[in-house]
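Here are the chains, one letter per residue:
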Amino acid sequence: MIEPGGDGEMAAASIEAIEARIEILRERIERCRKAMILSRGAIRCGAGLIGLALLLPAARNAVVVLLGLSAIIAGFTWLGANKSTREEAEAALGEAEADRDGLIDGVSMRDVVVPFRLP
């Protein structure tokens, strides 16, 4: 139990703020992971469209090839943007967890003694 008054309550408030920040960072990392999956799907769809245009004479159309190239370029761009955002969030998450652990280690705790009673 944190001692009432003084640094203990301030530390508890700081720990709660850091916990909220950690939760936000974890959600951001998860969103980036999902976006990276979608961007890989866009790359695969673009490659599939180009492959379709190469293999099927009926699909040999400049629009199909341009759509495929656009999907590939957009997929790589989105993948790179989300990868760098995820890496930044993971670095910030590590720092926040280290800060939280430092605050928890620095909090002076007091023993709570509960007397044992037989019913």
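Everything numeric here is computed off the predicted structure, so don't read it as measured data.

Draft legend 1. A look at the overall build of the protein chain. Counting its regular elements, the protein chain contains 2 helices and 0 strands. Computed over C-alpha atoms, the radius of gyration of the protein chain comes to 26 Å, more than 25% over the 14 Å expected from 2.2 N^0.38 for 119 residues, which places it beyond the range of a compact globule. Seen through its principal axes, the protein chain has C-alpha atoms that stretch 85 × 35 × 15 Å. Here the protein chain holds 119 residues, and 23% of them are scored as buried. Pairs at least 24 residues apart make up 78% of the contacts formed inside the protein chain by residues separated by at least 6 positions.

Draft legend 2. Examining the environment of glutamate 95 more closely. On the secondary structure map, glutamate 95 appears in helix α2 (residues 62-106). Taking the C-alpha atoms as reference points, glutamate 95 and leucine 67, separated by 28 residues in sequence, lie 42 Å from one another.

Draft legend 3. Quick look at the pattern of salt bridges. Applying the stated criterion across every chain, the model contains 5 salt bridges. One salt bridge in this structure joins arginine 26 and glutamate 97, with 2.8 Å as the shortest N-O distance. A residue pair is termed long-range when its members are at least 10 positions apart, and arginine 26 in helix α1 (residues 7-55) and glutamate 97 in helix α2 qualify at 71 residues. What you see here is one network of salt bridges that share partners, running through Glu19, Arg100 and Asp101.

Draft legend 4. Fine view of the nonpolar core. Ile18, Ile22, Leu25, Ile29, Ala89, Leu93 and Ala96 form the largest nonpolar core, which has 7 residues in total. Ranked by residue count, the leading element in this core is α1, at 4 residues. Discounting residues that sit within four places of it in the chain, isoleucine 22 has contacts with Leu93, Ala96, Glu97 and Arg100.

Draft legend 5. Summary view of the side chain of asparagine 82. As for its position among the elements, asparagine 82 is in helix α2. A relative accessible area of 11% places asparagine 82 in the buried class. Residues within four places of asparagine 82 in sequence aside, it is in contact with Cys32, Ala35 and Met36.

Criteria and thresholds
- Residues numbered from 1 in each chain as written.
- Predicted model: local features only at pLDDT ≥ 70, side-chain atom pairs only at ≥ 80, totals over all residues.
- Heavy atoms only, no water.
- Helix = DSSP H or I, 4+ residues; strand = E, 2+ residues; numbered from the N terminus.
- Rg over C-alpha atoms; globule rule 2.2 N^0.38 Å.
- Buried < 20%, exposed > 50% of the residue type's maximum accessible area, 1.4 Å probe, protein only.
- Contact = heavy atoms within 4.5 Å.
- Salt bridge = Lys/Arg side-chain N within 4 Å of Asp/Glu carboxyl O.
- Core = buried A, V, L, I, M, F, W, Y, C linked by side-chain atoms within 4.5 Å.

That is the geometry; function is a separate question.
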